[in-house]
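# A structural walkthrough
Letter by letter, the chains look like this.
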Amino acid sequence: MADAILVGFVQHLRRQSNGSSSDPRVGSSRDNSTSVSPLRATQATNSPSFATFFTTLIPITVYAVICVTILFVLRRRFVRVYSPRTFLSSLETHERAIGVPSGWFNWVIPFWKTPDIQVLNRSSLEGFLFLRYLNVLTVICCVGLLLTWPILLPLHSLGGKGSQQLDKLTFGNISDAKWLYAHALIAWVYFGFILFMVSRESVYFINLRQAYMLSPYYANRLSSRTVLFTCVPQQVLDERKLRRIFGDTLKNVWIPRETDDLDQLVKEREQTAHRLEKAEIELIKKANVAYQKALKSGHPDIEVKESPRDVEEERKEVKISVSAESPTSPLSPLSPGSPREFTREDGTPILRTNYGFTGPDHDIVGSVAAQWVPAEQRPYHRPIANYGRRVDTIRWTRVRLKKLAPKISQLRRQYRKGINAPIPAAFIEFHSLVDAQSAYQTLAHHSANHMRAEIIGVRPQEIIWPSLSFRWWERIIRRFLIQGFIACMVIFWSLPAIGVGMISSIDYLAKNVPFLHWIVLLPKVILGLISGLLPAVALSMLMAVVPMIMRACARQAGIPTESRVELFVQSSYFLFQVVQVFLVTTLTSAASSAITSIIKDPLSARDLLSKNLPTASNFYISYFILQGLAMSATRIVHLLSIFRHQLMPFAGGNPRLIAAKYHRLRKIHWGTVYPVFTNMAVIAISYSLIAPIILGVAALGLSIVYITYKYNLLYVYSSERDTRGLHYPKALTQTLTGLYLSEICLVGLFGLKGAYGPVVMTFGLIIFTSLIHISLNDALSPLLYNLPRTLAAEEELRKLGNDPFLASNLTDVHDTDPPANANTEEGGEQGYDSDFDPSDPTDLAVDHGEQQSRSDGLDIPVEGADKAITLGTKTVSSLVRKEFNKTPIPGILEKLDFWSAWITPDPNQDPNFIMRWLHPEVFESYHVLRDEMPRELREMDPSATSADNESVLKDAYSPPSIRERSPRLWIPRDLAGVSRQEVAHSGKVVEISDEGASFDERGRLGVDLEGETERWVCREGEGGRFKF
């Protein structure tokens, strides 16, 4: 949401520099939103001049330059902001990015030379494929640019319709219908190229996904061997029955059960523990303040034990920022003071102490905190269960935690005994990935929508547990309702956007609406913010809410995992982008330019629409500039991260939350990211032949977006969201929407121009595109979600030590038995006719003579006319072939044959770029991509877990309230010794520590963000860092 506000502010600055009050599309895609102002809908604004274009470009360029400058200046100092993936201990060694030089500019070239494959090896398959998708879109735009600019731009500029400025370069400026054959021919070439690109990238994705899914790093994970079945009938929800269904390949079964009461208790325990932690920190902070006052008041008779820290370490300077040399935030120095006798604010004396920083003994009589903090100043709250009466928070939470522990243990024992009612779902772990894939691809139940193999590769931390309880008929009803709701939202979302857009005309509304007259009396500065900045921010926030609503809809529809939710959002949000951001904006933009003239002369509608519809594309030039420059600059400068990690690194004063914030990387919601750029591709392709100038702007914008995301995926973003790359093929398929829209638009424009020959050609292109699309889906769809058994068998043979070539041919050198279909030795049993059964005693009297194969003898008589014809045909063709080979024609054809090597290339040759591009099935096959994987991923086996992780695996797919352990609290150590006693007392009911965090003499908090306590609090070994 904060990013949406920043986006709105950038758009407001652009509007102010453009003087955009005359733009009727307040809520259109220019602002990544979707409304049209009803107050100025009839103004013609689709003929921007080059001056307007540069007026849009200049302020955005200035903003981008400022952001890039901030990056270059602060990157060296703010390592946590700009390259956290290079050092954070919460990442595995193979997940950390390779660092670049820390100079001002010497890091640019190493970063530029870093291949995209590093994102795949260090981050995730999703990030690598997203960068590849941006590259594919850039190539499509560049090839279209090379095809259209030399031919179509001269035709458009010389069209003779008299358009001016940028409109002169559009389709609407052509007056002669015969010139439109060029558009139809280029459409066949260009769109055919796009279809081939989508096809080859689909083949590449399948090979890449198979190579990584079958690598030990993925294949041996628990999640890769586990299948989630939903809508399982009650009579089958039994481990013994499931083992009968799947046989010996089944290893473990988790049948989730209802845990409503347990969930409430675990949630209460979590909240109570955190309340205790907060109260302990508040008490320690108050005691530390009082203790420092005692030191300043002075008293020479008090004994003090020195801190065990060295004097030199005590004098170290406190550093809040994280430098490149020291990626961790050090502890604040703990200076051993001299506690002196003084009087509290309420007049009660403080007794003399004889202990220093090491604190009192844990069994000391009395409360250490009471010497510094009076009872009435201790943390308190008023629980509803106590009828709102005031209670001491620390004592109350300790008692409550002590009562909750046995209740939770009792309910967990009941769960493990199977007393709770089962949920209609089951997680089934198999011995190997091959067995899991076989179960996933097998129909498990005879009834429709029962026991569906929902997903393979589900990780426990991404399961949406409430979705598992839906029955099959509930899922159907919910999905119908959700689909209807999303359809209505896609269609009618312009209404709230229009309402927000009307704020930009607040002056007009205030003068004409009686109850708004008071707005005119506001100061001009406030009125300017209301009419300028507020609409931009509000529209950006309105658009930011759309993916959130769609995620909520996905959960209500019964989608069981977060990764599948993102796939659902990708589909629905793309539909929203195409309809609202593209189609609504384009149609209303063209109509607003021509509506006045059409009203005056209705018969001119055809000519006006054919002229004004292409000019609507000029508006998207600003959209691509905004996405390419302004939004990319915002993504790479990380202003919010600077505020969070550098300006206020220890905000809140809670060591546990500070450490969690420090190690938390920004997650990418791919379901939101992909549709924005897929829609950009759809817009560029749709206007590629109508306004080719847009291809150049789109290629430049996508290139800048690629550089931005490459940097962030390498050094900043998290790789937590993982669908095994399934966003990529979905985005490729959605890109073809641009072909259909462009072809339909061309048919309409050709018809308006009266060019019926190009109309027929384009209709043929639509049919051709549809056939290719359908064939592509039929051929590749099964391979997108399933892994073939042949590759799995090959991997097993490689593990047995077979040569890769033999393994690829499914040959095992250890085989000693002859093949089952081998010919029998001489003297063995011979075959017999199919109409004779030797096991039937009634047939023994029948003598069929000596049985032999009909192909063994050469003197077998020909039986029937069809056999004679077949024999004659083979004989004649053989004679003709022999005579043809004697002539010089085969030699001449062999010398002239240059196409065979391009159609069926030799896989052993070293291919050039074109050959590799034309044949991904040969030169980017599974075997090639497998060998290009880094050795550490090929040899890494996550199944080789330690004994400490056995308990984690045992309850891996149990509900969170079953597998979550008690909370671990982290409080800072203080000089007065309060924390040590609080740890001793609170440790009896909850795990708590004061190691690795402390208050200094000024009350500032220091936290060891990379220490042992941080790892302990983050529940290392509880699955938080375990690769399921």
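Let me begin by describing the structure that accompanies this report. No experiment lies behind these values; they were computed from the predicted model shown.

So, on to a nonpolar patch on the surface. A surface patch of nonpolar side chains, amounting to about 640 Å² of accessible area, comprises W472, W473, I476, I477, F480 and L481. Mapped onto the secondary structure, W473 falls in helix α14 (residues 472-492). You can call W473 partly exposed: its relative accessible area is 42%.

Turning our eyes to something else, we now look at the sheet that holds strand β5 (residues 425-430). Two modes of strand pairing occur in sheets, parallel and antiparallel, and in both the strands are linked by backbone hydrogen bonds. Taken together, the 4 strands give an open sheet; going across it, the order is β2-β5-β1-β6, and neighbouring strands pair in antiparallel fashion. Lying at the two open borders of the sheet, with one neighbouring strand each, are β2 (250-254) and β6 (452-456). Here the average twist between neighbouring strands, direction ignored, is 30°. Two strands pair when backbone bridges link them, and strand β1 (residues 226-230) and β5 are joined in this way by 5 bridges, in the antiparallel orientation. Within β5, the residue paired with V227 across the bridge is I428. Across the sheet, helix α9 (residues 239-246) is in contact with β1, β2 and β5; its angle to β2 comes to roughly 145°. Against the sheet, helix α13 (residues 433-440) contacts β1, β5 and β6, and its axis sits at roughly 140° relative to β6.

Let's shift gears to the nonpolar core. Judged by nonpolar contacts, the single largest core of 142 residues is most densely connected at F191, I194, L208, F624, F677, Y709 and Y711. If you tally residues by element for this core, the top one is helix α7 (residues 181-213), at 17 residues. Aside from chain neighbours lying at most four places away, what touches F624 is M680, I683, A684, I694, V697, A698 and G701. Core analysis: the next-biggest nonpolar cluster, separate from the first, contains 41 residues, A287, A294, I658 and V983 among them.

On to the packing of aromatic side chains. Taken as a whole and judged by the stated rule, the model has 37 aromatic pairs. Aromatic side chains Y291 and W372 sit 5.2 Å apart centroid to centroid with 85° between the ring planes, which places their arrangement in the edge-to-face category. With a gap of 81 residues between them, Y291 in helix α10 (residues 260-297) and W372 in the loop between α11 (311-314) and β3 (380-381) connect regions that are remote in the sequence. When sorted by exposure, Y291 lands in the same class as W372, which is buried. Through a chain of ring-to-ring contacts, three or more aromatic side chains come together here, namely F130, Y133, F205, W670, Y674, F677, Y709, Y717 and Y728.

Calculation notes
Residues numbered from 1 in each chain as written. Predicted model: local features only at pLDDT ≥ 70, side-chain atom pairs only at ≥ 80, totals over all residues. Heavy atoms only, no water. Patch = residues over 30% accessible without salt bridge, like charges linked within 9 Å, V, L, I, M, F, W, Y side chains within 5 Å. Areas by Shrake-Rupley, 256 points an atom, 1.4 Å probe, with all protein chains shown as cover. Salt bridge = Lys/Arg side-chain N within 4 Å of Asp/Glu carboxyl O. Helix = DSSP H or I, 4+ residues; strand = E, 2+ residues; numbered from the N terminus. Buried < 20%, exposed > 50% of the residue type's maximum accessible area, 1.4 Å probe, protein only. Pairing = 2+ DSSP bridges. Axes fitted to C-alpha atoms, helices over the stretch in contact; angles between N-to-C directions. Contact = heavy atoms within 4.5 Å. Core = buried A, V, L, I, M, F, W, Y, C linked by side-chain atoms within 4.5 Å. Phe/Tyr/Trp six-rings, centres within 6.5 Å; stacked < 30°, edge-to-face > 60°.

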